[in-house]
Amino acid sequence: MGSSFQAARGVAVEHRVHVICHMTVDLQKGKMRLRTCLLGLLALCVASKCSYSPEPDQQRTLPPGWVSLGRVDSEEELSLTFALRQQNVERLSKLVQAVSDPGSPHYGKYLTLEDVAELVRPSPLTFRTVQKWLSAAGARNCHSVTTQDFLTCWLSVRQAELLLSGAEFHRYVGGPAEIHVIRSLRPYQLPKALAPHVDFVGGLHRFPPTSSLRQRPEPQVSGTVGLHLGVTPSVIRQRYNLTAQDVGSGTTNNSQACAQFLEQYFHASDLAEFMRLFGGNFAHQESVARVVGQQGRGRAGIEASLDVEYLMSAGANISTWVYSSPGRHESQEPFLQWLLLLSNESALPHVHTVSYGDDEDSLSSAYIQRVNTEFMKAAARGLTLLFASGDSGAGCWSVSRRHQFRPSFPASSPYVTTVGGTSFQNPFRVTTEIVDYISGGGFSNVFPQPSYQEEAVAQFLSSSPHLPPSSYFNASGRAYPDVAALSDGYWVVSNSVPIPWVSGTSASTPVFGGILSLINEHRLLSGLPPLGFLNPRLYQQRGAGLFDVTRGCHESCLNEEVQGQGFCSGPGWDPVTGWGTPNFPALLKALIKP
């Protein structure tokens with residue numbers, strides 16, 4: 001066992017040396033130089049100094065509910081994605097600020113995909129170095145994107161394990177849908193020569209997330225029967241003051257999209273049945289305009305059904321795309337594949353709603369920072385990205401035997417608009433809203449607080465009478481959510497069956513997204529650009545056009561110190577419901593100005 005392991009390790013080292021030297025052959029002709037290169041690099045490798053780990057802090061434990069089916073056959077094919085180092089990221093950040101700040105002369109003057117590509121595309125040296133390294137390793141069918149900052153290639157498992165020293169690919173099965181993925185729980189290393197050129201390799205460690213959507217028991221009330229038996233499009237439209245006329249005109253190029261990565265898909269027949277049951281009092285579209293990705297066969301997923309049905313009933317009569325992840329290869333990361341799609345299509349919907357999240361601490365710094373840059377690229381192009389804030393309140397985990405709140409990503413990214421959740425004060429009446437105790441919120445441990453929200457957060461921290469102990473959260477981090485909407489007690493049609501009391505911020509996010517699409521409709525009809533990255537404007541306007549939610553707290557650590565209570569809502573912005581929930585006519589008035 002020991003000798004075969006050493007031999008295999010020797011082969012890997014030899015292979016890495018060969019690969020790096022292969023890159024220099026074109027530049028340095030002659031056997032003498034090549035031999036010197038080989039000997040020098042071999043000496044370095046023997047001293048264990050010629051490789052580095054791009055993601056040493058990536059969580060690599062098997063998520064609950066997943067089991068290994070054993071090693072993958074060495075000749076089986078894998079698809080891996082290489083994130084190439086971008087240029088001008090600091091300049092990109094300044095451009096996002098300029099196009100998103102209403103006080104800037106560049107407000108609304110968004111970049112095209114080609115403009116973004118011109119700015120961030122890797123240097124020719126980076127592209128050439130990585131291509132030669134992959135080519136020498138036997139990688140095939142390599143595809144880039146318009147921005148040239150990702151390369152996706154096919155390799156055999158044997159080639160991949162030689163290329164990514166330390167990786168060991170197994171097939172795993174898990175999740176509610178019993179899906180299969182190929183991953184490595186061991187850390188991988190790359191030649192040090194690639195450190196300036198590669199951010200990370202996708203398709204090794206991160207497992208698909210599971211849905212936190214839940215079906216709650218029906219609330220019990222005594223006495224009079226209420227006015228409604230759960231949240232439907234008509235309840236949403238009544239609460240947020242949408243009239244029958246507040247729908248898309250059908251005359252603009254306005255569009256919206258939802259994306260999810262749970263191996264779920266929707267049925268067109270469920271959408272048609274949902275609209276038949278609940279869409280009778282407003283103009284709407286009966287079908288999705290475009291599905292990006294493959295729609296699998298079999299049972300529909302509740303989350304996929306919910307996303308489509310409520311995006312298309314809040315943003316009624318607006319062309320809708322669905323990004324669907326089934327049909328991908330077992331070794332791909334669905335969320336990463338979605339980011340690649342955004343970087344490869346010049347005409348995209350203006351609003352994207354995404355119900356996806358991971359614990360911030362489970363992701364590597366390299367991955368999280370790079371994904372954040374991808375959100376910057378979207379913001380520079382005038383895309384509005386809405387993410388669900390999560391369904392675990394403030395979250396909880398133990399660090400060095402001390403409890404802390406546990407922020408979620410991408411909810412904690414400073415370049416997305418994050419949507420929390422509310423409930424009706426009386427579950428059977430269209431009343432004022434209070435906090436839904438599951439509503440995700442808190443402070444990032446990775447991203448510093450962006451300037452656009454410093455004043456609002458300082459106001460909350462200085463005025464909240466129920467602040468948790470300061471050791472539980474990073475008061476100087478990006479705080480979220482930014483806004484909220486109802487997240488409790490939805491009706492969904494899935495697999496031809498109407499299902500009641502579905503709850504989660506996966507419900508509030510498409511609702512808020514649909515309402516922003518209606519506002520974009522008015523802006524486009526007035527000759528104005530779409531809203532783009534909303535947060536700088538949202539915070540400057542201090543919640544104008546939103547119902548302030550001031551009652552309730554969300555859940556957190558079940559210990560003696562905080563007793564399950566996280567943050568509590570209050571007047572103005574708070575890390576439970578943000579600035580509040582939409583009051584459509586007032587929000588339209590606040591956001592229709594140039």
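Note that the coordinates shown come from a computational prediction; the quantities given were computed from them, not determined experimentally.

## Section: the overall build of the chain
Next, step 1: Along its length, the chain carries 15 helices and 30 strands.
Next, step 2: Split into buried and exposed, the 594 residues of the chain put 58% on the buried side.
Next, step 3: Considering only residue pairs separated by 6 or more positions, the chain has 81% of its internal contacts joining residues 24 or more positions apart.

## Regarding the nonpolar core
Next, step 1: Within the largest apolar cluster, 140 residues are counted, with the highest numbers of intra-cluster contacts made by F82, L164, F335, W338, F375 and Y490.
Next, step 2: Take this core: its biggest share by element is 8 residues, from helix α11 (residues 365–380).
Next, step 3: Two domains each put at least three residues into this core: domain 1 (50–86 + 121–202) and domain 2 (233–592).
Next, step 4: If we skip the residues at most four places from it in the chain, L164 touches L80, F82, W133, Y188, Q189, L190, V201 and L204.

## A look at the sheet that holds strand β9 (residues 198–202)
Next, step 1: Read across the sheet, 4 strands follow the order β4-β5-β3-β9 without closing on themselves; strand pairing throughout is antiparallel. Since the sheet does not close on itself, it has two edges, and those belong to β4 (140–144) and β9, each with one partner. Strand after strand, the sheet turns through a mean of 20 degrees between neighbouring axes, direction not considered.
Next, step 2: Direction of pairing for strand β3 (residues 77–84) relative to strand β5 (residues 150–156): antiparallel, over a ladder of 7 bridges. Bridge pairing links A83 to F150 in β5.

## Some details on unusual backbone geometry
Next, step 1: Of note, the bond from F409 into P410 is cis; its omega dihedral lies within 30 degrees of zero at 10 degrees.
Next, step 2: Mapping P410 onto the fold places it in the loop between β19 (408–409) and β20 (417–424).
Next, step 3: The linkage connecting Y480 with the following residue, P481, adopts the cis geometry, with an omega of 5 degrees.
Next, step 4: Within the secondary structure, P481 is located in the loop between β23 (477–480) and β24 (483–486).
Next, step 5: You will see that Q148, though not glycine, has its phi angle at about 60 degrees, which is positive.

## Section: the state of the cysteines
Next, step 1: This model, assessed by the stated rule, comprises 3 disulfides.
Next, step 2: The disulfide bridge from C142 ends at C153, spanning 2.0 Å between sulfur atoms. Looking down the S-S bond of the C142 and C153 bridge, the torsion is 120 degrees, so its handedness is right-handed. Of this pair, C142 sits in strand β4 while C153 sits in strand β5; the two residues are 11 residues apart in sequence, bridging distant segments of the chain.
Next, step 3: Owing to a relative accessible area of 36%, C142 belongs among the partly exposed residues under this scheme.
Next, step 4: Take C153: its relative accessible area is 0%, and that puts it in the buried class.

## So, the packing of helix α10 (residues 334–342) against α11
Next, step 1: Between α10 and α11, the least distance of the axes is 10 Å, while the angle of their chain directions is 35 degrees. As for how α10 packs across α11, the hand of that crossing is left-handed. Here α10 contributes F335, W338 and L339 to the contact with α11, which in turn contributes Y367, V371, E374 and F375.
Next, step 2: Class assignment of the residues belonging to the contact of α10 with α11 gives a composition of 6 nonpolar, no polar and 1 charged.

## Some thoughts on α10
Next, step 1: Burial of α10 is extensive: 8 of the 9 residues sit out of reach of the surface.
Next, step 2: By the burial criterion, the buried members of α10 are P334, F335, L336, Q337, W338, L339, L340 and L342.

## Thoughts on helix α9 (residues 302–314)
Along an α-helix, a turn takes 3.6 residues, which lines up residues three or four apart on a common side.
Next, step 1: When the terminal C-alpha atoms of α9 are compared, their 18 Å separation across 13 residues agrees well with the 18 Å that a helix rising 1.5 Å per residue should span.
Next, step 2: Of all 13 residues in α9, 12 are buried, a share of seventy percent or more.
Next, step 3: All of the buried residues along α9 are E303, A304, S305, L306, D307, V308, E309, Y310, L311, M312, S313 and A314.

## Here we look at the environment of V354
Next, step 1: Tracing the backbone shows V354 in strand β14 (residues 351–354).
Next, step 2: Each C-alpha atom of the pair V354 and P510 lies 7.8 Å from the other, and the pair is 156 residues apart in sequence.
Next, step 3: With sequence-adjacent residues up to four places away left out, V354 is seen in contact with A259, F261, W338, L386, F387, A388 and T509.

## Things to note about the confidence of the model for the chain
Next, step 1: On average, the chain scores 88 in pLDDT, and the residues at 70 or more come to 88%.
Next, step 2: The low-confidence segment residues 1–48, where pLDDT is below 50, has 40 contacts with residues more than four positions distant or belonging to other chains.
Next, step 3: Low confidence marks residues 222–226, where pLDDT is under 50. Its contacts with residues over four positions away, or in another chain, come to 2 contacts.

## Points about the sheet that holds strand β6 (residues 169–174)
Next, step 1: Here 3 strands make up an open sheet; going across it, the order is β2-β6-β7 and the pairing antiparallel. Two strands lie at the open edges of the sheet, namely β2 (67–71) and β7 (179–184), each paired on one side alone. Geometrically, the sheet is characterised by an average inter-axis angle of 30 degrees between neighbouring strands, direction not taken into account.
Next, step 2: Bridge analysis of β2 against β6 gives 3 bridges, and the strand direction is antiparallel. Bridge pairing in β6 links V67 to V173.

## Structural notes on the side chain of T505
Next, step 1: Turning to its location among the elements, T505 is positioned in helix α13 (residues 505–525).
Next, step 2: For T505, a relative accessible area of 1% puts it in the buried group.
Next, step 3: Ignoring anything within four residues of it in the chain, the contact list for T505 reads A388, S389, G390, D391, V419, G420, G421, I438, S439 and S487.

## Section: the UniProt feature "active site" (unreviewed entry) in the chain
Next, step 1: With numbering matched to this structure, UniProt assigns "active site" (unreviewed entry) to E303, D307 and S506. Of the residues just listed, which span 204 residues, no C-alpha pair is farther apart than 7.2 Å, and they cluster in one region.
Next, step 2: Within the secondary structure, D307 sits in helix α9.
Next, step 3: By relative accessible area, D307 is classed as buried at 0%.
Next, step 4: Those residues in contact with D307, other than ones at most four positions away along the chain, are C258, A259, Q260, S355, S506 and P510.
Next, step 5: Positionally, S506 belongs in helix α13.
Next, step 6: Residue S506 is classed as buried on the basis of its relative accessible area of 5%.
Next, step 7: If near-sequence neighbours (up to four positions away) are discounted, S506 is found in contact with L213, E303, L306, D307, S355 and A388.
Next, step 8: In terms of polar contacts, S506 uses its side chain to reach the side chain of E303, at 2.9 Å.

What counts, and where the lines are drawn
Residues numbered from 1 in each chain as written. Predicted model: local features only at pLDDT ≥ 70, side-chain atom pairs only at ≥ 80, totals over all residues. Heavy atoms only, no water. Helix = DSSP H or I, 4+ residues; strand = E, 2+ residues; numbered from the N terminus. Buried < 20%, exposed > 50% of the residue type's maximum accessible area, 1.4 Å probe, protein only. Contact = heavy atoms within 4.5 Å. Core = buried A, V, L, I, M, F, W, Y, C linked by side-chain atoms within 4.5 Å. Domains from an automatic or database assignment. Pairing = 2+ DSSP bridges. Axes fitted to C-alpha atoms, helices over the stretch in contact; angles between N-to-C directions. Disulfide = S-S within 2.5 Å. Left-handed = near helix turned anticlockwise from the far one by under 90°. Nonpolar A, V, L, I, M, F, W, Y, C, P; charged D, E, K, R; others polar. Expected span 1.5 Å × (residues − 1). pLDDT = per-residue confidence, 0-100. UniProt positions renumbered as here; feature names shortened; annotations may be inferred. Polar contact = N/O pair within 3.5 Å; in protein donor to acceptor, adjacent residues only side chain to side chain.

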